Amino acid sequence: MRRFLIAALLAAVAPVSVHAASVITADRYLDVATGRYVEHPAIFVGDDGRITGISDARTVRFSDAIKHIDLPGATLLPGLIDMHVHLTSLAEIGGYRGLQYTDNFWMAVGVANAGKTLDAGFTTVRNVGSANFDDVALEQAIDGGWIAGPRIVPATYAIGATGGHCDDNALPPSYDKKQVSVVDSPAEARAKVRWLHKYGAKVIKICATGGVFSLGDSVGGQQLSLEEMKAIADEAHMLHLKVAAHAHGDEGIRDAILAGIDTIEHASLANDATIQLAKAHHTWFDMDIYNDDYILATGTSNGTEQESLDKEKMIGLKQRQTFQRAVRAGVPMLFGTDAGIYPHGQNARQFAKMVEWGMTPIEAIRAATISAGQALGQAEDVGQIAPGRFGDMVAVKGDPLQNVRLLEHVDAVVKGGKLVARTVPAP
Ligand code: ARG
């Protein structure tokens, strides 16, 4: 029987290894679907960057024609996915200070931020809002191989109401400036989705309620109507795009769920009935619960307005308590951090917060891998180490299911079967 198994394995291995461009070996990898480790993997990746097969490394003879990335002692996990980043924002510059910089400054720092994010183990990010189609530019530059960075799902401009979280509210009327993505009716909302899609949006981001860093609005106040959100969701879904709604206040969260929005960002003040509604509709919650630590510790030193700090003090703790209730209730949860509020590259710090507030380590890891792949509509591409998926993975030493903080310092990052970052020298 045993000999038959090995023969069968070898037969299965031989053809895949011929077509593979690289093979990655390590002590074990985490199968996030089952939550179990698989020992001694040899993960073959083809020219197209996708995994062609996984064998037991002890049964494989490695050919010189294939690049061998050997990571002895390492535990592999799927490349991490952050569902809420702003690569063209900086934590170090807040409030009115941003007005001192020229428009393309944000694109320049965005290039560096993309590199930091990839080095931190995040091989896919959803960029939910940037100006000037900067995130489409980053996506094109990364996919073309000119700069290093994660796979990017760009939202481009976030759609919002006049005077709302996604408008420009920092100036007096004599300097009247309206964000190009502002809409004030269902018809305008529909047209805006079409326009963003035309220029490269692969997800639609909307601002359903007020926010912490927008000036002059109530953080919990609803800003887009149910009808506007329905128009956006219908139009986006017709185009096979998902919709992410920034929403702190309960009413805005509820209407977003009823409108058919796919992911609720922040979800800070959702009450129990709304949590049940999210569960019933299978609406994902994507809650940035690390942020509060950074925002309160930094205070106004980065230029953040006192008004924003006051709002943060109102919602920070409540958001974490809502997270705990949502996890307990069984709402489908994602890993999204709002990177750019805190420094890029520190994304993985949120794992420990998610465990502190009620998740098991495997649940937190799933939120950043298999669940994220599903919520992106890219479950066949990212989120698992499995045949057909991109060969995206991170290596850590030790057991992240015991200590999720190990993910804060990954030893190696592989994207599309290529070693893109290695922070410790090979032994
Ligand atoms: N972009 C969000 C806003 O301005 C950040 C919220 C951060 N605070 C938090 N507790 N998650 O509303």
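Conventions we followed
Residues numbered from 1 in each chain as written. Predicted model: local features only at pLDDT ≥ 70, side-chain atom pairs only at ≥ 80, totals over all residues. Heavy atoms only, no water. Helix = DSSP H or I, 4+ residues; strand = E, 2+ residues; numbered from the N terminus. Contact = heavy atoms within 4.5 Å. Core = buried A, V, L, I, M, F, W, Y, C linked by side-chain atoms within 4.5 Å. Buried < 20%, exposed > 50% of the residue type's maximum accessible area, 1.4 Å probe, protein only. Phe/Tyr/Trp six-rings, centres within 6.5 Å; stacked < 30°, edge-to-face > 60°. Lys NZ or Arg CZ within 6 Å of the ring centre and 35° of its normal. Pairing = 2+ DSSP bridges. Salt bridge = Lys/Arg side-chain N within 4 Å of Asp/Glu carboxyl O.

Caption draft 1: Inspection of the environment of Pro361 at higher detail. Relative to the elements of secondary structure, Pro361 occurs in helix α11 (residues 361-367). The spacing of Pro361 and Phe351 is 10 residues in sequence and 7.7 Å in space, taken between C-alpha atoms. The residues contacting Pro361, other than those within four sequence positions of it, are Val355, Pro400, Leu401 and Val404.

Caption draft 2: Representation of the nonpolar core. Grouped together as the largest cluster of nonpolar side chains are 82 residues, with contacts concentrated most on Ile204, Ile206, Phe285 and Phe351. Among the elements that make up this core, the one with the highest residue count is helix α5 (residues 226-238) (five residues). Apart from residues no more than four positions distant in its own chain, Phe351 is found in contact with Leu80, Phe122, Phe335, Ala364, Ile365, Ala368, Val404 and Leu407. One finds Val45, Ile51, Met393 and Ala412 within the second-largest nonpolar core, a separate group that totals 15 residues.

Caption draft 3: Broad picture of unusual backbone geometry. Although it is not a glycine, His40 sits at a positive phi angle of roughly 50°. Along the chain, His40 falls in the loop between β2 (36-39) and β3 (41-46).

Caption draft 4: Representation of the packing of aromatic side chains. Counted under the stated rule, the structure contains 11 aromatic pairs. Between Phe133 and Trp195 the ring centres are 5.5 Å apart and the planes differ by 75°, which places this aromatic pair in the edge-to-face class. Of the two residues, Phe133 sits in the loop between β7 (122-127) and α3 (134-143) while Trp195 sits in helix α4 (residues 186-198), which places them 62 residues apart along the sequence. Connected via pairs of aromatic rings, a cluster forms that spans Phe133, Tyr157, Trp195 and Tyr199. The cationic tip of Arg28 hangs over the ring face of Tyr37; the distance from NZ or CZ to the ring centre is 3.9 Å. It is Arg50 that lies over the ring of Phe390; its NZ or CZ is 4.1 Å from the centre.

Caption draft 5: Focus on the environment of Ile69. Tracing the backbone through its elements, the reader meets Ile69 in strand β5 (residues 67-78). By relative accessible area, which is 5% here, Ile69 ends up buried. Between the C-alpha atom of Ile69 and that of Ala137, which follows or precedes it by 68 residues, the distance is 30 Å. With sequence-adjacent residues up to four places away left out, Ile69 is seen in contact with Val23, Ile24, Thr25, Gly417, Lys418 and Leu419.

Caption draft 6: Representation of the pairing of strand β14 (residues 393-396). Here β14 shows no split at all, with Met393 and Ala395 on one side and Val394 and Val396 on the other all buried. As paired elements, β14 and strand β15 (residues 412-415) share three bridges and run antiparallel to each other. Of the residues in β15, the one forming a bridge with Val394 is Val413.

Caption draft 7: Looking closely at the pattern of salt bridges. One pass over the full model with this rule turns up 18 salt bridges. One salt bridge in this structure joins Arg50 and Asp381, with 3.0 Å as the shortest N-O distance. Taken together, the residues Arg50 in the loop between β3 and β4 (51-56) and Asp381 in the loop between α12 (370-376) and β14 connect sequence positions 331 residues apart. The residue Glu356 makes a salt bridge to Lys353 at a minimum N-O spacing of 3.2 Å. Residue Glu356 and its partner Lys353 are located together in helix α10 (residues 349-356), separated by three residues, close to a single helical turn. Where salt bridges share partners, they join Asp293, Arg320, Lys353 and Glu356 into one cluster.

Caption draft 8: Seen up close, the sheet that holds strand β13 (residues 333-334). Strand order in the open sheet formed by five strands is β9-β10-β11-β12-β13, and the pairing between neighbours is parallel. Across the chains shown, the open sheet's two edge strands, defined by having one partner strand only, are β9 (203-207) and β13. Both β9 and strand β10 (residues 242-247) contribute to a ladder of five bridges, which runs parallel. Each bridged residue has a counterpart across the sheet, and for Lys205 the counterpart in β10 is Ala244.

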